[in-house]
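Each chain is listed here by its residues.
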Amino acid sequence: MKIIIVDDDCLVAGALKTILEANPDIEVTATGSDGEEACSLYREYLPEYLPDILLMDIRMKGMDGLEASRKILGEFPEAKILLLTTFSDDEYIVKALRLGTKGYLLKQDHTSILPALQAVYSGQTVFGTEIISKIPELLQSSDGFDYASRNISERELDI
């Protein structure tokens, strides 16, 4: 599994790289520090070395992870982006769902990162424990969010 890690904290990016590469099935092909770099790195490895997953922070200086996700998914709809953040912000969660990212995890739940990457790699959409409990409420909110347009199946909602 080829991963690109983008986080504005170089210590976090480095630690994630070290932890993930301890698994022989994972290769971190690149690391970056902001959304612009995420877009550049994603394009750089095309077409011969397309990353399987882009693991990216949401809050970063310059272009944030949500805007980078929008740009990348606009150009490469098949991209698998897993957002990693310290913020369980309802607005961020809804934006991530609407964009079509494959997951939203909190950095504090570090033990779920590897299983989440494996799930996303196999085609699933994942959310951290704290996030998943908010989704039904967010989907029923008055903003009219249409989960069907996001391709979330009834089964995924049940889970």
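The sections below set out a description of the structure shown in this document. Keep in mind it's a predicted model, so treat the numbers as computed, not measured.

1. As for the packing of helix 2 (residues 35-44) against helix 3 (residues 65-75)
Running from N to C, helix 2 and helix 3 cross one another at 25 degrees; their axes reach a closest spacing of 9 Å. Taken together, helix 2 and helix 3 sit at an angle that is classed as roughly parallel. As helix 2 packs across helix 3, the resulting crossing turns out to be right-handed. Across the interface between the two elements, Gly35, Glu36, Ala38, Cys39, Tyr42 and Arg43 from helix 2 touch Ala68, Lys71, Ile72 and Glu75 from helix 3. Across the contact of helix 2 with helix 3, the residue classes break down as 5 nonpolar, 1 polar and 4 charged.

2. Remarks on the nonpolar core
By size, the foremost hydrophobic cluster in this structure holds 28 residues, and its most contacted members are Leu54, Met56, Ile72, Ile81, Leu83 and Tyr104. Counting only elements with at least two residues in this core, the list comes to strand 1 (2-6), helix 2, strand 3 (53-57), helix 3, strand 4 (81-85), helix 4 (90-99) and strand 5 (103-106). Leave out the neighbours within four places in its chain, and isoleucine 81 touches Leu54, Met56, Ser69, Ile72, Leu73, Thr101, Lys102 and Gly103.

3. Details of the pattern of salt bridges
Two side chains bearing opposite charge may form a pair once their charged atoms approach each other closely. Counting across every chain of the model gives 6 salt bridges. Glutamate 75 serves as the salt-bridge partner of arginine 43, at 2.9 Å between the closest nitrogen and oxygen. Residue arginine 43 is located in helix 2, and its partner glutamate 75 is located in helix 3; the two are separated by 32 residues in the primary sequence. Here arginine 43 falls in the partly exposed class, since its relative accessible area comes to 37%. Note that lysine 95 is salt-bridged to glutamate 91, the shortest N-O span being 3.0 Å. Linking lysine 95 with glutamate 91, this pair stays in helix 4, spanning 4 residues, or about one helical turn. A relative accessible area of 48% places glutamate 91 in the partly exposed class. Here the salt bridges do not stand alone but share partners, grouping Asp7, Asp57 and Lys107 into one network.

What counts and how
- Residues numbered from 1 in each chain as written.
- Predicted model: local features only at pLDDT ≥ 70, side-chain atom pairs only at ≥ 80, totals over all residues.
- Heavy atoms only, no water.
- Axes fitted to C-alpha atoms, helices over the stretch in contact; angles between N-to-C directions.
- Helix = DSSP H or I, 4+ residues; strand = E, 2+ residues; numbered from the N terminus.
- Parallel < 35°, antiparallel > 145°, perpendicular 65-115°, else oblique.
- Left-handed = near helix turned anticlockwise from the far one by under 90°.
- Contact = heavy atoms within 4.5 Å.
- Nonpolar A, V, L, I, M, F, W, Y, C, P; charged D, E, K, R; others polar.
- Core = buried A, V, L, I, M, F, W, Y, C linked by side-chain atoms within 4.5 Å.
- Buried < 20%, exposed > 50% of the residue type's maximum accessible area, 1.4 Å probe, protein only.
- Salt bridge = Lys/Arg side-chain N within 4 Å of Asp/Glu carboxyl O.

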